[in-house]
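# Overview (structure and organization)
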Amino acid sequence: MGTAAAPRRFCRCACFCSENLYLARYGLHVRFRSEQQLRQDYGPLEQEVERRRRLGQESAARRALIASSYHPVRPDVYNSLKDVALAPEFLAAAEYSASPGADLEGLLQRLETVSEEKRIYRLPVFTAWFCQALLEELEHFEQSDMPKGRPNTMNNYGVLLHELGLDEPLVTPLRERFLQPLMALLYPDCGGGWLDSHRAFVVKYAPGQDRELGCHYDNAELTLNVALGKAFTGGTLYFGDLFQAPSTLAKPLEVEHVVAQGILHRGGQLHGARPLGAGERWNLVVWLRASAVRNHLCPMCCRKPDLVDDEGFGDGFTREEPPTVDVCALT
């Protein structure tokens, strides 16, 4: 009997503790070179640098405590993802994408092209009842006394899905079974056919909490952003150019959220969210990563990644190349 292959170990780039440190006071991402430089330019940032260094260990501790002590109100959302939770249009697009002879032209007939130039697309992802069930669970967790990690450096309210235990039953099958064939046709040049990890979180916008999101790009090759609810006005997404290219946001593309529908875009596309008007907006965001691409160039520091071992999927880097990947075809 053969020996099972050891699970792959994912890493982060060391630049996580030195590049793209978000300063909410200025609405800027800045670079850490020395404490003297930061104090001179922006004031003390040691707290944010230290927070990032402890992030993986603290997240693992929260996840363990939640797994042992938290009692879900909707245990059904923790069951393995079933087709009944997914919109018929999403199932049809994924089924077509995985079929022999599928091509981009055929797929584009099964979804909405928001911008051909920016390669931004939209289609229904979940059914209304699944969005409601997931929201009920998220609100129940938010109101519990369990520890909660910030979704990312720019959002203060929301949930990290791996800490809640929803990575394996929900997000991993969503990526492997449905998103990968779609993304392979839509974004073959961005590693769409080689997605091997992700970071998934839910962000919440509400009066008195986060209401808008500054312009940024994602630490991902590709991104899925699904509006889960509730009733809200405002909060429109806006898109600029790719961060690698000279860009202006004088005339950004604005895209309205539609509950249960997902927006697909490249991670490097500059984007943000306009201020919320009224109500609450909850969105599921999945950063999709391909180590075959990012192992050669970290999207955050634009250099060969300096790898540091991390918990879980880390930031999607690996110390070894995925087998049979033709890296030249992806770059």
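The rules behind these values
- Residues numbered from 1 in each chain as written.
- Predicted model: local features only at pLDDT ≥ 70, side-chain atom pairs only at ≥ 80, totals over all residues.
- Heavy atoms only, no water.
- UniProt positions renumbered as here; feature names shortened; annotations may be inferred.
- Buried < 20%, exposed > 50% of the residue type's maximum accessible area, 1.4 Å probe, protein only.
- Helix = DSSP H or I, 4+ residues; strand = E, 2+ residues; numbered from the N terminus.
- Arc of directions from axis to C-beta.
- Contact = heavy atoms within 4.5 Å.
- Disulfide = S-S within 2.5 Å.
- Salt bridge = Lys/Arg side-chain N within 4 Å of Asp/Glu carboxyl O.
- Phe/Tyr/Trp six-rings, centres within 6.5 Å; stacked < 30°, edge-to-face > 60°.
- Lys NZ or Arg CZ within 6 Å of the ring centre and 35° of its normal.

Going by the annotation in an unreviewed UniProt entry, the name recorded for the protein chain is 2-oxoglutarate and iron-dependent oxygenase domain-containing protein 2, with Camelus dromedarius given as the source organism. Quoted straight from UniProt, the Cofactor (unreviewed entry) entry for the protein chain says "L-ascorbate".

Turning our attention to helix 3 (residues 88-97). Residues three or four positions apart in an α-helix share a direction because the helix packs 3.6 residues into each turn. The set of residues buried in helix 3 consists of Phe 90, Ala 93, Ala 94, Tyr 96 and Ser 97. The buried residues of helix 3 occupy an angular sector of 160 degrees when projected down its axis, which confines them to one face. Exposed and facing more than 90 degrees away from the buried side of helix 3 are Pro 88 and Glu 95. Packing partners of the buried residues in helix 3 comprise helix 4 (104-108), strand 5 (120-124) and helix 7 (167-186).

Within this structure, the stated rule accounts for zero disulfides. As a non-bridged cysteine, Cys 13 has Cys 15 as the owner of its nearest cysteine sulfur, 3.6 Å distant.

With that settled, the discussion passes to the pattern of salt bridges. Opposite charge on two side chains makes pairing possible when the charged atoms of those side chains draw close. Per the counting criterion, the structure on display carries 16 salt bridges. A salt bridge links Glu 112 to Arg 122, with the nearest nitrogen and oxygen atoms 3.2 Å apart. Of the two residues, Glu 112 is situated in strand 4 (residues 112-115) and Arg 122 in strand 5; the sequence distance between them amounts to ten residues. Classification of Arg 122 as buried rests on a relative accessible area of 12%. One salt-bridge network, held together by shared partners, links Arg 74, Asp 76 and Glu 136.

Before going further, it helps to examine the packing of aromatic side chains. Summed over the entire model, instances satisfying the criterion amount to eight aromatic pairs. Ring centres of Tyr 70 and Phe 141 lie 5.3 Å apart, and the angle between their planes is 90 degrees; on these two criteria the pair is classed as edge-to-face. Residue Tyr 70 is found in the loop between helix 2 (46-69) and helix 3, and its partner Phe 141 is found in helix 5 (residues 128-143); the two are separated by 71 residues along the sequence. This pair shows no difference in class: Tyr 70 is buried, exactly as Phe 141 is. Ring geometry for Phe 90 and Phe 178: centres 5.9 Å apart, planes at 40 degrees, overall tilted. Placement of the pair is Phe 90 in helix 3 and Phe 178 in helix 7, with a sequence separation of 88 residues. Overall, the relative accessible area of 0% leaves Phe 90 in the buried class. Three or more aromatic residues joined by ring pairs form one cluster here, namely Phe 126, Trp 129 and Phe 130. Above the face of the Tyr 238 ring, Arg 274 is positioned so that its terminal group lies 4.1 Å from the ring centre.

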